[in-house]
Amino acid sequence: MKKLSLDKILQSQGFGSRKGCRDLIEEGEVSIDGVVIQKWKTEYQPEGLVFQVFDETWEYREKVYLVLNKPSSYECSRKPTHHPAVLTLFPQNMEWRDVQPVGRLDHDTTGLLLLSDDGAFIHAQSSPKRHQPKTYIATTAEPVTDALVAQLLSGVQLIDEPAPIAALVANKVSENEIEIVLEQGKYHQVKRMLAAAGNHCSALRRVKIGGLQLADLDLAEGEWRFLSADELALLQG
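Let me begin by describing the structure that accompanies this report. Remember, it's a predicted structure, so these values are computed and weren't measured experimentally.

Calculation notes
Residues numbered from 1 in each chain as written. Predicted model: local features only at pLDDT ≥ 70, side-chain atom pairs only at ≥ 80, totals over all residues. Heavy atoms only, no water. Helix = DSSP H or I, 4+ residues; strand = E, 2+ residues; numbered from the N terminus. Buried < 20%, exposed > 50% of the residue type's maximum accessible area, 1.4 Å probe, protein only. Contact = heavy atoms within 4.5 Å. Pairing = 2+ DSSP bridges.

## Concerning the environment of Ala203
- Tracing the chain through its elements places Ala203 in strand S13 (residues 201-209).
- The class of Ala203 is partly exposed, set by a relative accessible area of 34%.
- Leave out the neighbours within four places in its chain, and Ala203 touches Ile137, Ala138 and Thr139.

Below is the structure:
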């Protein structure tokens with residue numbers, strides 16, 4: 001990777017326009033290795049570069065791959081209608097660098113949500129051809145019965161679907177909780193499948209995508225972090 005001027009590096013990381021980034025540098029708000037840098041024309045090798053903006057430390061990333069433990073009452077939309085957008089849970093530079101949710105969770109659904117500014121990654125993860133399994137824990141209004149589990153595994157008919165849709169896995173977790181694994185990702189699919197099977201979903205949490213498990217990430221609701229290379233590999237299977 002060739003060297004870039006500091007203003008271009010900051011712009012690529014979502015810290016504003018070229019002019020805005022030059023102003024940040026000239027005003028002494030940017031430092032590298034503890035040294036304030038005020039010349040925006042100075043060039044650096046961006047790969048692996050660690051820098052501070054307003055005393056907060058960042059590492060250069062050509063693309064970002066993020067995971068959020070999504071709380072309830074947030075919309076996976078850049079133009080939310082009734083609730084705040086999930087991007088309000090992130091630093092503003094993530095929005096400026098066009099980070100987007102990978103797929104969507106309903107506003108009242110919690111749990112594992114991926115976000116990125118890598119269009120190819122978003123498309124690959126969202127494509128129905130990928131058959132990426134996603135695991136949910138649903139809380140049900142009525143007790144989980146053997147008959148309910150059997151229905152979900154054999155397939156239920158949803159409105160506007162040409163054929164019954166079955167869960168890959170359905171396991172009773174507790175009297176009013178069921179684990180459901182799907183790979184289609186259709187609109188409100190878990191809720192619609194439970195309704196079609198004669199029950200009702202009162203709460204829903206996504207706990208796993210591919211091999212990436214929420215329980216392994218040590219994230220409280222509303223917390224986020226960057227995915228490691230090993231964690232990204234769990235999504236490639």
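Now that the structure has been shown, the text picks up again.
## A short note on the sheet that holds strand S6 (residues 56-59)
- Ordered in space as S3-S2-S5-S6, the four strands form an open sheet in which the pairing is antiparallel. A single partner strand is all that each edge strand has here, and the edge strands are strand S3 (35-36) and S6.
- The pairing of strand S5 (residues 50-53) with S6 spans four bridges and is classified as antiparallel. Bridge pairing in S6 links Phe51 to Trp58.

## Considering the pairing of strand S10 (residues 134-140)
- With respect to burial, S10 is a largely interior element, six of its seven residues being buried.
- Across six bridges, S10 lies against strand S12 (residues 177-182) in antiparallel orientation. Looking at S12, one finds that Thr139 is bridged to Glu177.
- Bridging between S10 and S13 involves seven bridges; their strand directions are antiparallel. The residue bridging Ala138 from the neighbouring strand is Leu204, located in S13.

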